[in-house]
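Here is what each chain is made of, one letter per residue.
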Amino acid sequence: MTREELPNLAESKLTALVVDDNFVNQSIHQKLLARLGITNEVVCNGKEAVDAHCSGRNYDLILMDMDMPIMNGIQATKRLREMGIESKIAGVTTRANEGEKKEFMEAGLNDFQEKPLTISKLLSILHKFDFYVQT
């Protein structure tokens, strides 16, 4: 997909939270979201994601890593759902056997993608959540 073919979702005012402890992954996810015009913030672990919501911030989409220090993605997703957070949460991880993937999904994920996240995987997430409908 060329840059000219990418949708610009800036007018939709979508917001996203990237939750990942790896700087390279944070950077990739931020750039992919920015290329689509989606405002985004980054935190380094699940506790910071929970804290961000406790401080009153809200996001349309959360890209949640599974393996992080302090509070992992499964714990954070469960906690966010217990708090009544209705943001769409997509689990994004490099490693997950079927049991881990099932546990992550059951924690309250809306979608799951394996890293590396690409523009086509991100568009798939957005389309699944009706944030972006190709015309």
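Residues numbered from 1 in each chain as written. Predicted model: local features only at pLDDT ≥ 70, side-chain atom pairs only at ≥ 80, totals over all residues. Heavy atoms only, no water.

Enquirer: It is not clear to me how the pairing of strand E2 (residues 39-43) should be interpreted in this structure. Could you clarify?
Expert: Residues in a regular strand point their side chains to alternate faces of the sheet. With five bridges joining them, strand E1 (residues 15-19) and E2 adopt parallel strand pairing. Across the sheet, Val18 pairs through a bridge with Val42, a residue of E2. Each parallel crossover has a hand, and the one from E1 via helix H1 (residues 23-35) to E2 is right-handed. (Pairing = 2+ DSSP bridges. Helix = DSSP H or I, 4+ residues; strand = E, 2+ residues; numbered from the N terminus. Right-handed = clockwise from strand over helix to strand, strands pointing away.)

Enquirer: What should I look at first to understand the packing of helix H3 (residues 73-82) against helix H4 (residues 98-106) in this one?
Expert: The angle between the axes and the distance between the axes are what describe a pair of packed helices. Running from N to C, H3 and H4 cross one another at 20°; their axes reach a closest spacing of 8 Å. Between H3 and H4, the crossing angle belongs to the class labelled roughly parallel. Considering how the two elements wind past one another, H3 and H4 form a crossing that is left-handed. Together, Gly73, Ile74 and Thr77 of H3 and Glu100, Glu103 and Phe104 of H4 make up the contact between the two elements. Here the residues of the contact of H3 with H4 are counted per class, giving two nonpolar, two polar and two charged. (Axes fitted to C-alpha atoms, helices over the stretch in contact; angles between N-to-C directions. Parallel < 35°, antiparallel > 145°, perpendicular 65-115°, else oblique. Left-handed = near helix turned anticlockwise from the far one by under 90°. Contact = heavy atoms within 4.5 Å. Nonpolar A, V, L, I, M, F, W, Y, C, P; charged D, E, K, R; others polar.)

Enquirer: How should I be thinking about H4 in this particular structure?
Expert: In an α-helix, one full turn covers 3.6 residues, which means residues spaced three or four apart are oriented alike. For H4, the N-terminal cap is Asn97; the gap from its side-chain oxygen to the backbone nitrogen of Gly99 is 2.9 Å. One or two residues past the end of H4 sits Gly108, with phi positive at roughly 130°. (Polar contact = N/O pair within 3.5 Å; in protein donor to acceptor, adjacent residues only side chain to side chain.)

Enquirer: Help me understand the nonpolar core in this model?
Expert: Buried together is how nonpolar side chains tend to be arranged in soluble globular proteins. Counting residues in hydrophobic clusters, the biggest one holds 21 residues, and the most contacted among them are Leu17, Val19, Ile62, Met64, Leu80, Ile89 and Phe104. Among the elements of the structure, E1, helix H2 (46-54), strand E3 (61-64) and H3 are those that each provide at least two residues to this core. Excluding anything up to four places from it in sequence, Leu17 contacts Glu41, Val42, Val43, Ala49, His53, Tyr59, Leu61, Ile62 and Leu63. The next biggest cluster of nonpolar side chains, apart from the first, holds 18 residues, and it includes Leu33, Leu36, Val92 and Leu122. (Core = buried A, V, L, I, M, F, W, Y, C linked by side-chain atoms within 4.5 Å. Buried < 20%, exposed > 50% of the residue type's maximum accessible area, 1.4 Å probe, protein only.)

Nothing here speaks to function; it is geometry throughout.
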